[in-house]
Amino acid sequence: MAHWITACEADDIDPEDVIPFAHEGRDYAIYRSPDDTYYATDGHCTHEKTLLCDGLVDGGTIECPKHNGRFDYTSGKALGAPVLVDVRTYPVKVTDGTVYLDVES
Amino acid sequence: MGRERLERYSLTGPENQAAVAAGLAGGAWFRSAVPRKRMKELMRRSDYPAVRDTAIWIGLIGLFAGLGIAFWGSWRAAPFLLAYGILYGSTSDSRWHESGHGTAFKTRWLDESLYQLASFMIMRDPTTWRWSHTRHHTDTLVVGRDPEIAVMRPARLAKLLANLIGLVDVPVAFMLMSRHASGRLTADEADYVPASERHKVYRTARIHLAIYAVTIALAVGLRSWLPVVLIGGPRLYGACLFYVYGFTQHAGLGENVLDHRLNTRTVKMNVVNRFLYWNMNYHVEHHMFPMVPYYRLAELHEEIAHDCAPAYPSLWAAYREIIPAIVRQLKDQEYYVRRELRPGAAPFNEPALINDGRALPLATANAA
């Protein structure tokens, strides 16, 4: 069952960018794609637990700031060494300018 | 002393576990505060600068190779082949480095293609060295963890000098290629290359060995050294600049620290050296923010200069410090060069005694 929590305002994130979001001791990364679609993943890289929110969003990918590992943030797929394990994604919805995250999906 | 020194720096020796236990592995490193908006500008990629610079680089390599071939058999070939050799055997290191980070180009396959080419030229397996360099960035100059500490304490002087013409690196590279081609890694490599990646190592080693076998067969068939002078040979006769540049990165600086301002140098270089080295001279900046492509590092340097010690004004200035430091470390392994930060800079990140740069024996430091 979905458990939607308020994450941020839609305008808090620039197009083609990412921001951090913390909830109940867990870190998440929330993305706004170039075409204004919103996505969310775990906050840390699966390689060495670096925060992804400090990385570079380029189109549909996020690049980890520590070792340049890349993920497709729309699917969570790891795109090659040094990231070999996919990052977990979470459903996101935007209602009346507010971004909601389903952290229990 | 030699065996003790190697054991201390070995990734399979006791220092590895001691570093993990002491919290040195995967530590929280200092980073200057750069506004997110500015950081995004600095991280942004473009194909143009690296396409331009790579075209010039490959063009020069082709030009000097052509002139070397044209004058082959005469001493007039020597300067052209030396220039070719330095571009091949030295500057491939910086191309390997930047494309390995995936920061040279915006287009991914361009980075990967250059990475494969430069790996072959510098005689590094692209997979093991990708993981080795990943560890180098995680645990920069952490003894027992970083596989890329070029200058140990005390330094292996004979090896360092011999490698100015590749006399250690090249035989080691062929030994490793042979080992990899037979489906084996070294113990150190097994510490940082995941099992799922190892098949790539074995395949690449076989390809590289096959290319060298064809080169040698051509040399024998043509009864000429020319094929070897053009392929593989430059890693010997053209390697000097690789080390002249490379030693400036970390030699003589702090070990077991968690602040790149304590273990890394930024050296100002002229435009020719910056082209040859692809701005790797901005090394503090690179380690602090590996996402920034080489063509934006000068801007990043200005952005964080207030937090750093002044950059070395020249290669000469850097070596005036490096050589005496290495000599002093032959007798005093706790000595290291400690720079003074600018007034108002964020203080050094030294959360514990073990992070002060001396690389004290970890058991002693833990007890303290």
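Residues numbered from 1 in each chain as written. Chains lettered and ligands numbered in written order. Predicted model: local features only at pLDDT ≥ 70, side-chain atom pairs only at ≥ 80, totals over all residues.

On the side of chain B, 17 residues touch chain A, which itself brings 13 residues to the contact. For the side of chain A that touches chain B, a count of residues per class yields 5 nonpolar, 3 polar and 5 charged. (Contact = placed C-beta atoms within 7 Å. Nonpolar A, V, L, I, M, F, W, Y, C, P; charged D, E, K, R; others polar.)

Residue and element names in this part refer to chain B. Of all residues in chain B, 98% attain a pLDDT of 70 or more, and the chain-wide mean is 95. The low-confidence segment residues 364-368, where pLDDT is below 50, has 6 contacts with residues more than four positions distant or belonging to other chains. Confidence metrics for the complex model read pTM 0.95 and ipTM 0.93. (pLDDT = per-residue confidence, 0-100.)

Turning next to the packing of helix 10 (residues 169-181) of chain B against helix 12 (residues 198-222) of chain B. Residues and elements named next belong to chain B. Where helix 10 meets helix 12, the closest approach of the two axes is 7 Å, and the angle between their N-to-C directions is 125°. The angle between the axes of helix 10 and helix 12 places the two elements in the oblique class. Crossing geometry of helix 10 relative to helix 12 is assigned as left-handed. For the pair helix 10 and helix 12, contact is made by M177, H180 and A181 and by V201, Y202, A205, R206, H208 and L209, respectively. (Axes fitted to C-alpha atoms, helices over the stretch in contact; angles between N-to-C directions. Helix = DSSP H or I, 4+ residues; strand = E, 2+ residues; numbered from the N terminus. Parallel < 35°, antiparallel > 145°, perpendicular 65-115°, else oblique. Left-handed = near helix turned anticlockwise from the far one by under 90°.)

With 76 residues, the main nonpolar core has V18, A29, I30 and Y31 of chain A as its most contacted residues. With 6 residues, helix 7 (residues 108-122) of chain B is the largest single contributor of residues to this core. Setting aside residues no more than four positions away along its own chain, I30 of chain A makes contact with A7, C8, I13, V18, I19, F21, Y38, A40, V99 and L101 of chain A. (Core = buried A, V, L, I, M, F, W, Y, C linked by C-beta atoms within 7 Å. Buried ≥ 20, exposed ≤ 12 C-beta atoms within 10 Å, placed from the backbone.)

All names here are of chain A. Read from one edge of the open sheet, 3 strands run 1-11-10, paired in antiparallel fashion. Of all strands in the sheet, those with a lone pairing partner are strand 1 (4-9) and strand 10 (92-95), marking the two edges. The sheet shows a mean angle of 30° between the axes of neighbouring strands, taken without regard to direction. (Pairing = 2+ DSSP bridges.)

Attention now goes to the pairing of strand 11 (residues 98-102) of chain A. Residue and element names in this part refer to chain A. The alternating pattern of strand 11 places V99 and L101 on a buried face and T98, Y100 and D102 on a face that is not buried. Note: strand 1 against strand 11, 5 bridges, orientation antiparallel. Bridge pairing in strand 11 links E9 to T98. Where strand 10 meets strand 11, 4 bridges bridge the pair, whose relative direction is antiparallel. Across the sheet, the residue bridging to T95 is T98, located in strand 11. Taking the residues that link successive antiparallel strands as the turn, the strand 10-strand 11 hairpin has 2 residues, and the phi of D96 there is positive, at about 50°.

What follows is about the sheet that holds strand 5 (residues 56-58) of chain A. All names here are of chain A. With antiparallel pairing, the 4 strands of this open sheet are ordered in space as 5-6-7-8. The open sheet has two edge strands with one neighbour each: strand 5 and strand 8 (77-78). Alignment of strand 6 (residues 61-63) against strand 7 (residues 70-72), held across 3 bridges, turns out to be antiparallel. Across the sheet, residue E63 finds its bridge partner in strand 7, namely R70.

A cis geometry characterises the amide bond from A81 of chain A onward to P82 of chain A, with omega recorded as 5°. Structurally, the position occupied by P82 of chain A is in the loop between strand 8 and strand 9 (89-90). Geometrically, the link from R153 of chain B to P154 of chain B is a cis peptide bond, its omega value of -5° lying close to zero. With respect to the helices and strands, the residue P154 of chain B is situated in the loop between helix 8 (126-138) and helix 9 (157-162). Although it is not a glycine, N68 of chain A adopts a positive phi angle of roughly 65°. Within the secondary structure, N68 of chain A is located in the loop between strand 6 and strand 7. At L141 of chain B, a position not held by glycine, the phi torsion is positive, near 60°. Tracing the chain through its elements places L141 of chain B in the loop between helix 8 and helix 9. With 26 C-beta atoms counted inside 10 Å, the residue L141 of chain B sits in the buried group.

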